[in-house]
Amino acid sequence: MELNFAGQVTRVVLVEETSQVGQARREALALADHVGLDEMDAGRAALVATEMATNVLKHGRGGRMYLSVVCGRGGNGVELCTVDTGPGFSLAECLPDGYSTGGTQGLGLGAIQRQATVLDAWSDAKGAVVVARIYASRAPRDIDVAYGALRIPMRHELACGDAWHIRADGPTVAVTVIDGLGHGLPAADASRAGVEAVAHTAAGGAAALIGVLHAGMSGTRGGAAAVACVDVATLQVEFAGIGNIAASLCEPTGSRGLASHPGIVGVQYRKAQPFHFHAAAGTLLVMHSDGLQARWSLRDYPGLLHRHPALIVAVLQRDFDRGRDDAGIVALRLGDLH
């Protein structure tokens, strides 16, 4: 698997009135055009966005939609995620045509499933989260990569100081998360410089990539950064971090935190000593900025660990976003990286 992808800022659309369904559709079309989907596949994305936003209004008491570019094996796609505050639903019950929780014809989720390459949903007492991914219809069946990510600016900001990057070069996958100091344009400039540096380097290993980030972010205000390098064959994880990027390896038996060292990448730090871990297939690597609280545990969400990482990311962001900073979070399923 060959990937070299920097996460773009997540587009956020409020879905609290009927007119915003049209906005969600237009944003989905724009994103589909941006990633190069043809007219038919862009129409699929538009239909999915319309159905998901309509469901949020009719059944979810309003909410919001997140729209992201996602990288796949051999091509990019569009990810649509809705978060609502409604009474929730059973995905197994709602997928068949004709079932409805609100007196409609009950065709929405079935239509979404037919058009989307990936569909997953979570429902609990706080509401429902639905994730759909649309890739080109000509794409290989295994195009989807089992990762999830959101990059959301602080409220009332357009620029996001949090950034992430994923690189796969066959034997190794490297995930980088950066939190530029502060927020707004200066923070975004710092994180963008770091992402560009790791995107264009041939260096390997977590500590070496921290050094690449440090050089790339020199002259900016700097920030916190962490890199996890995963050996695809052995699932050995090498981790190095500077600053307050939270990172965990989550397994059914619990989670292991990955420690970082103090300092500011791009300004000054003493060392980037890497730590090594072995992970079992199916382990979830989660990394995020301090825009999310670090006190979450997937044990509080029975069954969520085994769902699509994009769904896990959306649930964690829903429940643990601090609401006063940029938020960047990435989750990668280990053992699905070939």
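Residues numbered from 1 in each chain as written. Predicted model: local features only at pLDDT ≥ 70, side-chain atom pairs only at ≥ 80, totals over all residues. Heavy atoms only, no water.

A. The arrangement of the pattern of salt bridges in detail. Considering all chains together, one arrives at twelve salt bridges under this definition. R256 is the salt-bridge partner of E251, the closest N and O atoms lying 3.6 Å from each other. Through salt bridges with shared partners, a single ionic network connects D124, K126, R318 and D319. (Salt bridge = Lys/Arg side-chain N within 4 Å of Asp/Glu carboxyl O.)

B. Quick peek at the packing of helix α1 (residues 19–34) against helix α2 (residues 39–59). The geometry of α1 relative to α2 is characterised by a closest axis approach of 8 Å and an angle of 150° between their N-to-C directions. Between α1 and α2, the crossing angle belongs to the class labelled roughly antiparallel. Seen from above, α1 lies across α2 with right-handed handedness. Residues V21, A24, R25, A28, L29 and A32 of α1 form the contact with α2, whose participating residues are A42, A45, A46, L47, A49, T50, A53, T54 and L57. Its residues placed into classes, the contact of α1 with α2 shows twelve nonpolar, two polar and one charged. (Axes fitted to C-alpha atoms, helices over the stretch in contact; angles between N-to-C directions. Helix = DSSP H or I, 4+ residues; strand = E, 2+ residues; numbered from the N terminus. Parallel < 35°, antiparallel > 145°, perpendicular 65-115°, else oblique. Left-handed = near helix turned anticlockwise from the far one by under 90°. Contact = heavy atoms within 4.5 Å. Nonpolar A, V, L, I, M, F, W, Y, C, P; charged D, E, K, R; others polar.)

C. Structural detail: the sheet that holds strand β2 (residues 11–15). Pairing is antiparallel across the open sheet formed by five strands, whose spatial order is β2-β3-β4-β6-β5. A strand with exactly one partner marks an edge of an open sheet, and here the two such strands are β2 and β5 (118–124). Ignoring strand direction, the axes of neighbouring strands in this sheet form an average angle of 15°. Sitting on the sheet, α2 touches β2, β3 (63–72), β4 (75–84) and β6 (127–134), and the angle it makes with β4 is about 10°. Lying on the sheet, helix α7 (residues 309–320) is in contact with β3, β4, β5 and β6; it crosses β6 at an angle near 140°. (Pairing = 2+ DSSP bridges.)

D. Highlighting the pairing of strand β17 (residues 284–288). Counting buried positions along β17 yields five of five residues, so the element is predominantly enclosed. Alternating residues of β17 divide into L284, V286 and H288 and L285 and M287, and every residue in both groups is buried. Both strand β12 (residues 246–251) and β17 contribute to a ladder of five bridges, which runs antiparallel. Following the sheet pairing, A246 is matched in β17 by H288. Across five bridges, the pairing between β17 and strand β18 (residues 327–333) is antiparallel. In the strand pairing of β18, V286 is matched with A331. (Buried < 20%, exposed > 50% of the residue type's maximum accessible area, 1.4 Å probe, protein only.)

E. Examining the pairing of strand β1 (residues 2–6) more closely. Here β1 shows a clear split, with L3 and F5 buried on one side and none of E2, N4 and A6 buried on the other. For β1 and strand β8 (residues 162–169), the ladder comprises five bridges, and the chain directions are antiparallel. The residue of β8 that forms the bridge with A6 is H165.

F. Molecular detail of α7. An ideal rise of 1.5 Å per residue puts 16 Å on twelve residues; α7 measures up with 16 Å between its terminal C-alpha atoms. Counting buried positions along α7 yields twelve of twelve residues, so the element is predominantly enclosed. Of all the residues in α7, the buried ones are P309, A310, L311, I312, V313, A314, V315, L316, Q317, R318, D319 and F320. (Expected span 1.5 Å × (residues − 1).)

G. Focus on the packing of aromatic side chains. For the structure shown, the criterion picks out three aromatic pairs. Centre to centre, the rings of Y147 and W164 are 5.7 Å apart; their planes meet at 55°, and the pair counts as tilted. Linking Y147 in strand β7 (residues 147–152) with W164 in strand β8, this pair joins segments that are 17 residues apart in sequence. Here the two residues Y147 and W164 agree in accessibility, since each one is buried. In textbook terms, an aromatic cluster arises when at least three aromatic residues are bridged by ring pairs, as seen for F5, Y147 and W164. A cation sits over an aromatic face here: R133 above Y147, 4.9 Å from the ring centre. (Phe/Tyr/Trp six-rings, centres within 6.5 Å; stacked < 30°, edge-to-face > 60°. Lys NZ or Arg CZ within 6 Å of the ring centre and 35° of its normal.)

H. Structural detail: the sheet that holds β1. Spatially, six strands are ordered β1-β8-β9-β10-β11-β16 in an open sheet, and the strand pairing comes out antiparallel. Bordering the open sheet on either side are β1 and β16 (275–278), each of which pairs with just one other strand. Neighbour to neighbour, the strand axes of the sheet diverge by 15° on average, direction disregarded. Here strand β11 (residues 236–242) pairs with β16 via four bridges, running antiparallel. Looking at β16, one finds that E238 is bridged to H276. Contacts from helix α5 (residues 185–199) reach β1, β8 and β9 (172–180) within the one sheet, and its direction differs from that of β8 by about 5°. The strands touched by helix α6 (residues 206–217) within the sheet are β8, β9, β10 (223–231) and β11, with β10 carrying the most contacts at an inclination of about 150°.

I. Inspection of the side chain of Q317 at higher detail. Relative to the helices and strands, Q317 is located in helix α7. When residues no more than four places from it in sequence are discounted, the contact partners of Q317 are R64, Y66, L150, I152 and L292.

J. Structural context of the environment of S260. In this fold, S260 is placed in the loop between β13 (254–257) and β14 (263–264). Distance from S260 to V227, taken between C-alpha atoms, is 10.0 Å for residues 33 residues apart in sequence. Setting aside anything within four residues of it in sequence, one finds S260 in contact with F239, G241, I242, G243 and I245.

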